[in-house]
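Now for the letters of each chain:
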Amino acid sequence: MPEGTRTAGNDWINSYLEAILDVGPGLVDDAKSSLLLRERGHFSPTRYFVEEVITGFDETDLHRSWVRAAATRSPQERNTRLENLCWRIWNLARQKKQLEEKEAQRMTKRRLERERGRREATADMSEELSEGEKGDVVTDVSTHGDSVRGRLPRINSVDAMETFISQQKGKKLYIVLISLHGLIRGENMELGRDSDTGGQVKYVVELARALGSMPGVYRVDLLTRQVSSPDVDWSYGEPTEMLTPLSAEGFEEETGESSGSYIIRIPFGPKDKYIPKENLWPHIPEFVDGALNHVIQMSKVLGEQVGGGKPVWPVAIHGHYADAGDSAALLSGALNVPMLFTGHSLGRDKLEQLLKQGRSSRDEINATYKIMRRIEAEELSLDASEIVITSTRQEIDEQWRLYDGFDPILERKIRARIRRNVSCYGRFMPRMVVIPPGMEFHHIVPLDGETDANEDHHPTPADPPIWTEIMRFFTNPRKPMILALARPDPKKNITTLVKAFGECRPLRELANLTLIMGNRDGIDDMSSTSASVLLSVLKLIDKHDLYGQVAYPKHHKQSDVPEIYRLAAKTKGVFINPAFIEPFGLTLIEAAAYGLPIVATKNGGPVDIVQVLDNGLLVDPHNQQSIADALLKLVADKHLWARCRQNGLKNIHLYSWPEHCKTYLSRIASCKARHPQWQRSDDGAESSESDSPSDSLRDIQDLSLNLKFSMDGEKSGISVNESSLESEGSIDKKNKIESAVLAWSKGISRDTRKAGFSEKADHNSSGKFPVLRRRKHLIVICVDCDTITDLIDTTKKIFEATEKERTEESIGYILSTSLTITEIRSFLVSGGLGPNDFDAFICNSGSDLYYPSINLDDRPFVVDFYYHSHIEYRWGGEGLRKTLVRWATSTNDKKGGSEEQIVTASEQLSTDYCYAFKVQQPAMVTPVKELRKQLRIQALRCHVIYCQNGTRLNVIPVAASRSQALRYLYLRWGVELSKMVVVAGECGDTDYEGLLGGLHKSLVLKGVGSNAISQLHTNRNYPLSDVLATDSPNIVQTTEGCGSDDIRGALEKLEK
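Predicted model only: the values in this text are computed from it and were never measured.

Participant: How would you explain the environment of Leu613 if you had to name every residue and give the values?
Facilitator: By secondary structure assignment, the location of Leu613 is in helix α24 (residues 606-613). The buried category is assigned to Leu613, whose relative accessible area is 0%. Residues Leu613 and His653 lie 40 residues apart in sequence; the distance between their C-alpha atoms is 9.6 Å. Apart from residues lying up to four places away in sequence, Leu613 is in contact with Ala592, Asn647, Gly648, Asn651, Ile652 and Tyr655.

What follows is the structure, given as structure tokens:
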């Protein structure tokens, strides 16, 4: 039966279920001889079964139906009700069995896909592992930050910490944290206010505060959503909030004007609404643009203060939860800086749990939780992250291994090859690191432990108010207190705890039970799920007559929580976390810090916590007797209670924030440093660079010296982005440039010059910068038309609509397309247009960026080589290309008797950063989601895009896209995103969803790209409606078949 049914106290179902399953489907056939039919001959079991049982019930009311049936006096009616109830239970069992069969099939398919992908990946990496390498685990850091090869002592002595501090001296690190959902502020956090404002909010605020107090860290920004809604406190609408620093003796360093930890609230989404996390997805691009603006400006400010005039870029961007992971992937890609990720709660694990319950189908679950978009965000986070931080090893072993992008066996092989400086053939895997959350202990003063449990604990005027609020529930407040602190959620398993307490007479005689279940005004005001749990608790209290023994206060402040722990410790009580699964269990550490022994679930993080602290017992959360026995043992045995208390207080420092931050910073230091390339001068041959996009950058003639080796719009034959170059064993930039020079000197760039692509970056501006910097507005033409002719017609309509501004040169144009630069040149010739009609060309689905040149006759285009260095992160190079060729061959082999190939590699359309394939039969080719899945299983990180009406497949770097290219233009040249207008069709290539969101305005041409192109989106992981903010004021749609006047009217509407 579903978990919710079992936890509702429906043990009676088991006997019915067993009997019905024994009978099986034959029960339907035997219905004609049922007691119901003999009593009511006109009754139709078939009709009842279809209309009432299958379509008209909810299993949550089974217990209520049973109570009504049992209370019926008439034997005939009682038998009728019971038989109807049996029908319902039988149908539930049938549904559960069907779901289990589908789940088994799905898991078998997934296992076979994983094994096949692993075989293909290891076929390239054919060298055998040594015995030592075979013994490596997923990560070289244990659950508690120690090496598994020999436990290294954590920094806990004065000398060791002084060594760490001396190593950090002189560093001025800038760290960016992102946590989007919920209500976040530094003081008086409203934890438990709703499902989005929970433990994650507290964790990220305390992490930001702790990092800001560490030596070597100059500034920490915690980016979140600005909420200016009448439904929430005004403080959540403040743009900036400085976090008060922690007490950090021995960490004192010189502070500056902008140093410290801050909450930065970025406005995005509906301005006057506080919305749940499931509805934030359409607004993620708007946040990324706002965050990009903040980081650029702050990097400039920090550069003036501590960077010697050069920008101080973030050393890492750390996303928390799926929505922030998606944001961090885009932001880190736009800035070319390392990314970290913490999942907190993972979508695949939640989906598995919900499917097992059998209450909702996959589509219903997705409609409620947008779960497929969340899972894709977590997969993208794996693609982009250098490090994934987890709280426990259970999270790695049982949750992360469910994802396409992480395989512990393949990760072990890749890590071994990196250590041996051997090529990984374009394969990358994020490093999984276990760093338990920290806690601040300096303000905690545990009681001395000498308090007699029999001492009268009636409240006094000096006691905290929350003590009085709790103790008023108790008939005998002198008894030890069993404390549970959790919101009323079924997965927290509070009802089983109350049953265990109520049915164990010795435990009731020895102890009281306190349930801190969030804050509430009235049960009717609570969510249905929370109200159901609370009502179940109240019914159990009544059933077992626990009045005077159980406290369940309605309100408490966050500042009351320490006092609640103190009260439990004062009474020689016990803290319990009985959740079915607990990812970490921060409350267990908090309780230990106040001297409370603990009882905790054996599923998840508490296993590691109890192992380290040695201060309590683990229980099976499904076993009511196990919970009661563990609580009774700790309450009754004073010596065991004292020993657990002392062990907890002795070992608690292992979970301090300084310990957490020390490990955290050491992991960041292991990341390969990355930031915008034009700010670097590795070879000493570059002149000083500017410190922000709004200031003078290098002379564009200097730029050409670094561009000309990748000038061909097509495949040049030079590959400076092999996977080994990305790994720790990569050759340095100087060697790459020398290799490129050598290849170029042998004539490889010969075709480039013949095609007319300039080696010089001279531009059609009077100064030394691209003319697009001088434009008041930029129109980005991203229309994915069926044919080149349609694209020419659409482009001319846009030019006609903006003819006045075009003549005044106040408006510029960017062409953003899946075409190659050669095809763009043909497009310009066919349409009677010139390169100077555009300020930039984003081509190959965002993997190449060109500008027009002054020398239009001979060499009309110049490629931005720095853009290539910006997007080459985790680009698979030749290893990826070989895998794609194998995929194409395999696809063609499955075509049957047809002579025509399904998909073929196109050397002519490919470039160094875009592998292109021609698709002859779009209906038979692998869908985007399946191909992306296959590549992720093989640890290949890239974007897969079907374009050109489904007749072409472009595979580009994971850091590249048409939308990311626009952010690059802002970063590189200071072209503000808010001054851009993206013109797109009603549908487009499979990267279409990334075009419409953000700070820029969007103009949708209705009817354009809505025919065959729309078929590309029919087989998606999630519907486009989940991610497109169609009601945004920044998006305007024209009428179908619009002309230039209609387009101008729509543009004027966007300007209002």
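On we go from here.
Participant: Let's hear about the nonpolar core: which residues, and what values?
Facilitator: Counting 128 residues, the largest nonpolar core has Ile178 and Leu335 as the members making the most contacts within it. If we skip the residues at most four places from it in the chain, Ile178 touches Leu222, Leu223, Phe287, Ile317, His318, Gly319, His320, Ala324, Ala328 and Leu331. Judged by nonpolar contacts, the second largest core, of 73 residues, contains Phe441, Phe473, Cys504 and Val561.

Participant: Can you explain the sheet that holds strand β5 (residues 316-320)? Please cite residues and give values.
Facilitator: Read across the sheet, eight strands follow the order β3-β4-β2-β1-β5-β6-β7-β8 without closing on themselves; strand pairing throughout is mixed. For this open sheet the edge positions go to β3 (240-243) and β8 (431-434), each flanked by a neighbour on one side alone. Along the sheet, successive strands turn relative to each other by an average axial angle of 25°, direction set aside. Two strands pair when backbone bridges link them, and strand β6 (residues 339-342) and strand β7 (residues 387-390) are joined in this way by two bridges, in the parallel orientation. Bridging across to β7, Leu340 finds its partner in Ile387. Helix α12 (residues 321-335) contacts β1 (173-178), β5 and β6 of the sheet and is inclined by roughly 160° relative to β5. Along the sheet, helix α27 (residues 657-670) contacts β1, β2 (217-225), β5, β6, β7 and β8; its crossing angle with β1, the most-contacted strand, is approximately 105°.

Participant: Describe the sheet that holds strand β23 (residues 952-957), listing the residues and the values that go with them.
Facilitator: Strand order in the open sheet formed by four strands is β20-β21-β23-β22, and the pairing between neighbours is antiparallel. Both edges of this open sheet fall to β20 (903-905) and β22 (942-947), since each of them pairs with a single strand only. Looking at each pair of strands side by side, their axes are set apart by 25° on average, direction ignored. Packing of helix α36 (residues 877-893) onto the sheet brings it into contact with β20, β21 (915-919), β22 and β23, and relative to β21 it is tilted by some 10°. Against the sheet, helix α37 (residues 928-937) contacts β22 and β23, and its axis sits at roughly 155° relative to β22.

What counts and what doesn't
- Residues numbered from 1 in each chain as written.
- Predicted model: local features only at pLDDT ≥ 70, side-chain atom pairs only at ≥ 80, totals over all residues.
- Heavy atoms only, no water.
- Helix = DSSP H or I, 4+ residues; strand = E, 2+ residues; numbered from the N terminus.
- Buried < 20%, exposed > 50% of the residue type's maximum accessible area, 1.4 Å probe, protein only.
- Contact = heavy atoms within 4.5 Å.
- Core = buried A, V, L, I, M, F, W, Y, C linked by side-chain atoms within 4.5 Å.
- Pairing = 2+ DSSP bridges.
- Axes fitted to C-alpha atoms, helices over the stretch in contact; angles between N-to-C directions.

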